[in-house]
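Each chain, letter by letter, is given below.
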Amino acid sequence: MISAIRPAASSVTVRVPAKVNLQLAVGPARADGYHSLVTVFHAVSLFDEVTVRPADQTALTVTGEDAAAVPADASNLAWRAADALARFTGRDDAGVEIQISKRIPVAAGLAGGSADAAAALVACNELWQAGLSQRELAGIGAELGSDVPFALMGGTAVGRGRGEQLTPALAAGTYHWALAFGLTGLSTASVYATCDRLRAARAAAGDAPPAPEPQLSHPLMTALRSGDPAAVGPLLSNDLQPAALSLQPELRRTLAAGREYDALGAIVSGSGPTCAFLARDARHARELAVAITGAGVCRAVARASGPVPGAAVVRDGQ
Ligand code: ATP
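Residues numbered from 1 in each chain as written. Predicted model: local features only at pLDDT ≥ 70, side-chain atom pairs only at ≥ 80, totals over all residues. Heavy atoms only, no water.

Section: the overall build of the chain
Link 1 in the chain: Assigned secondary structure in the chain consists of 10 helices and 12 strands.
Link 2 in the chain: A compact globule built from 318 residues would reach a C-alpha radius of gyration of about 20 Å, and the chain, at 20 Å, matches this within 12%.
Link 3 in the chain: Taken over the C-alpha atoms alone, the chain extends approximately 65 × 45 × 40 Å along its principal axes.
Link 4 in the chain: For the chain, buried positions account for 51% of its 318 residues.
Link 5 in the chain: When contacts within the chain are restricted to residue pairs at least 6 apart in sequence, those whose partners lie at least 24 apart make up 77%.
Link 6 in the chain: Taking the average location of the 26 positive side-chain charges in the chain and that of its 28 negative ones, the two points are 5 Å from each other. (Helix = DSSP H or I, 4+ residues; strand = E, 2+ residues; numbered from the N terminus. Rg over C-alpha atoms; globule rule 2.2 N^0.38 Å. Buried < 20%, exposed > 50% of the residue type's maximum accessible area, 1.4 Å probe, protein only. Contact = heavy atoms within 4.5 Å. Lys, Arg positive; Asp, Glu negative; His and termini not counted. Charge placed at Lys NZ, Arg CZ, Asp CG, Glu CD.)

And the structure:
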């Protein structure tokens, strides 16, 4: 049998999507400090690109959206991902030059850092011809961040545990979104801490029982199978939204602006501050984007559609 041996690439570029959470159910804090989650991830067409090349020593540059807010050292999640893959595959001395071209806003609840980690795993796996499966990459990625396995998988998926235990969801159709980016970022840790504080205050006041174990929304799953955005819109939910709104009260105006222009659903994405508005179709998403931009309640508005595939090689230079 003749087997084709592919020459090693001199550079590999991977494109990776942002995510929004169609449902984010947050349970009580666990002993390890994490919260148990049930979430429905949805990958949307807002992409970062990560390019890797062989180098004597690892180095990293960032260009594009919010580049100055992204660390360009060994704390960058893409750098940590390359290091983790090198260790896993016994290439402890493998350097790599990493270039990140960012379009996903930073600290926005869109999992941009996790996306770059996923892209770096796929890119280095290809550059080094390491031959790891997506499942193996997801195992390495889950150690770096709970959202990394989903950035590898893409599509629409249910996440449990910390969000890293994934099951693909049966979702029909394409969903069109307007995404309103906040004026400043929100730290995921402080949003969870605020969520715990708000819940404790309500429980102490006798207004609410302690947070129950999170449950998947079956009405949402049924609506996703129908492919009808009008059925999906009212079922979008996010347990972190009250905390994000308490930290950035101006987000109420952003959500109200989208509802005023007939968004089928209006929700804070993940830990925020990005607000995601579900549109009837591509044209309505354009109209929503124009109207929300005109309302002057956010930094910028982008259009995106989903679901889209996870991290994938787009260029492979020989
Ligand atoms: P999530 O929704 O996963 O909680 P997020 O989308 O709110 O995260 P990120 O854009 O992932 O937030 O950034 C969170 C922090 O991670 C940033 O403030 C930044 O300091 C750090 N970080 C490390 N690597 C990256 C990267 N490649 N891109 C963006 N931020 C990064």
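Some remarks on the pattern of salt bridges
Link 1 in the chain: In total, this model carries eight salt bridges according to the counting rule given.
Link 2 in the chain: Notably, a salt bridge pairs Arg-315 with Glu-49, separated by 3.2 Å at the nearest N-O pair. Pair noted here: Arg-315 is in strand β12 (residues 312-317) and Glu-49 is in strand β2 (residues 35-55), with a separation of 266 residues, a long-range link.
Link 3 in the chain: You can call Arg-315 partly exposed: its relative accessible area is 47%. (Salt bridge = Lys/Arg side-chain N within 4 Å of Asp/Glu carboxyl O.)

Quick word on helix α6 (residues 218-226)
Link 1 in the chain: Those residues of α6 lying buried are Leu-220, Met-221, Ala-223 and Leu-224. Along the long axis of α6, the arc covered by the buried residues comes to 160°, so they all point the same way.
Link 2 in the chain: Buried residues along α6 sit in contact with β1 (11-29), β2, β5 (156-161), β7 (175-181) and α7 (229-232).
Link 3 in the chain: Between the side-chain oxygen at the start of α6 and the backbone nitrogen of Leu-220 there is a gap of 3.1 Å, and the oxygen is on Ser-217.
Link 4 in the chain: One or two steps after α6, the chain reaches Gly-227, where phi turns positive at roughly 75°. (Arc of directions from axis to C-beta. Polar contact = N/O pair within 3.5 Å; in protein donor to acceptor, adjacent residues only side chain to side chain.)

Thoughts on the side chain of Ser-217
Link 1 in the chain: On the secondary structure map, Ser-217 appears in the loop between α5 (188-204) and α6.
Link 2 in the chain: Accessibility expressed as a relative area gives 17% for Ser-217, which makes it buried.
Link 3 in the chain: There is a polar contact of 3.1 Å between the side chain of Ser-217 and the backbone nitrogen of Leu-220.

Topic: unusual backbone geometry
Working note: non-glycine residues mostly have negative phi, and peptide bonds are mostly trans.
Link 1 in the chain: Following Gly-272, the chain continues to Pro-273 via a peptide bond in cis, the omega torsion being 5°.
Link 2 in the chain: Checked against the element boundaries, Pro-273 lands in the loop between β9 (265-268) and β10 (275-279).
Link 3 in the chain: The residue after Gly-306, namely Pro-307, is reached through a cis peptide bond having omega 5°.
Link 4 in the chain: Take Pro-307: it is sitting in the loop between β11 (300-306) and β12.
Link 5 in the chain: Although it is not a glycine, Ala-107 sits at a positive phi angle of roughly 50°.
Link 6 in the chain: Ala-107 gets classed as partly exposed once you look at its relative accessible area, which sits at 40%.

Observations regarding the nonpolar core
Link 1 in the chain: Judged by nonpolar contacts, the single largest core of 68 residues is most densely connected at Val-52, Ile-98, Trp-177 and Leu-179.
Link 2 in the chain: Per element, the largest residue contribution to this core is 10 residues, and it comes from helix α2 (residues 112-127).
Link 3 in the chain: Leu-24, Cys-195, Leu-255 and Ala-279 belong to the second largest nonpolar core, which has 29 residues in total. (Core = buried A, V, L, I, M, F, W, Y, C linked by side-chain atoms within 4.5 Å.)

Let's talk about the packing of helix α1 (residues 77-88) against helix α3 (residues 134-144)
Link 1 in the chain: Where α1 contacts α3, the axes come no closer than 10 Å and their chain directions differ by 130°. Judged by the inter-axis angle, α1 sits oblique to α3. Considering the relative orientation of α1 and α3, their crossing is right-handed. Between α1, through Leu-77, Arg-80, Ala-81, Ala-84, Leu-85 and Phe-88, and α3, the contact on the second element is made entirely by Leu-137, Ile-140 and Leu-144.
Link 2 in the chain: Classifying every residue of the contact of α1 with α3 by side-chain character gives eight nonpolar, no polar and one charged. (Axes fitted to C-alpha atoms, helices over the stretch in contact; angles between N-to-C directions. Parallel < 35°, antiparallel > 145°, perpendicular 65-115°, else oblique. Left-handed = near helix turned anticlockwise from the far one by under 90°. Nonpolar A, V, L, I, M, F, W, Y, C, P; charged D, E, K, R; others polar.)

Things to note about the packing of aromatic side chains
Link 1 in the chain: Evaluation of the coordinates by the stated rule reveals one aromatic pair.
Link 2 in the chain: On the numbers, 4.7 Å between centres and 10° between planes, the contact of Phe-41 with Phe-150 is stacked. On the criterion of sequence distance, the pair formed by Phe-41 in strand β2 and Phe-150 in helix α4 (residues 148-153) is long-range, its members being 109 residues apart. With respect to class, Phe-41 is no different from Phe-150; both count as buried.
Link 3 in the chain: The ring of Phe-47 carries Arg-15 above its face, with NZ or CZ at 3.8 Å from the centroid.
Link 4 in the chain: Note that Arg-162 overlies the ring of Tyr-34, its terminal NZ or CZ placed 4.8 Å from the centroid. (Phe/Tyr/Trp six-rings, centres within 6.5 Å; stacked < 30°, edge-to-face > 60°. Lys NZ or Arg CZ within 6 Å of the ring centre and 35° of its normal.)

Overview of the pairing of strand β3 (residues 59-64)
Link 1 in the chain: Summarising the sheet, β3 and strand β4 (residues 95-102) pair through six bridges and their orientation is parallel. Paired with Ala-59 across the two strands is Glu-97, which belongs to β4.
Link 2 in the chain: The parallel pair β3 and β4, bridged by α1, forms a crossover whose chirality is left-handed. (Pairing = 2+ DSSP bridges. Right-handed = clockwise from strand over helix to strand, strands pointing away.)

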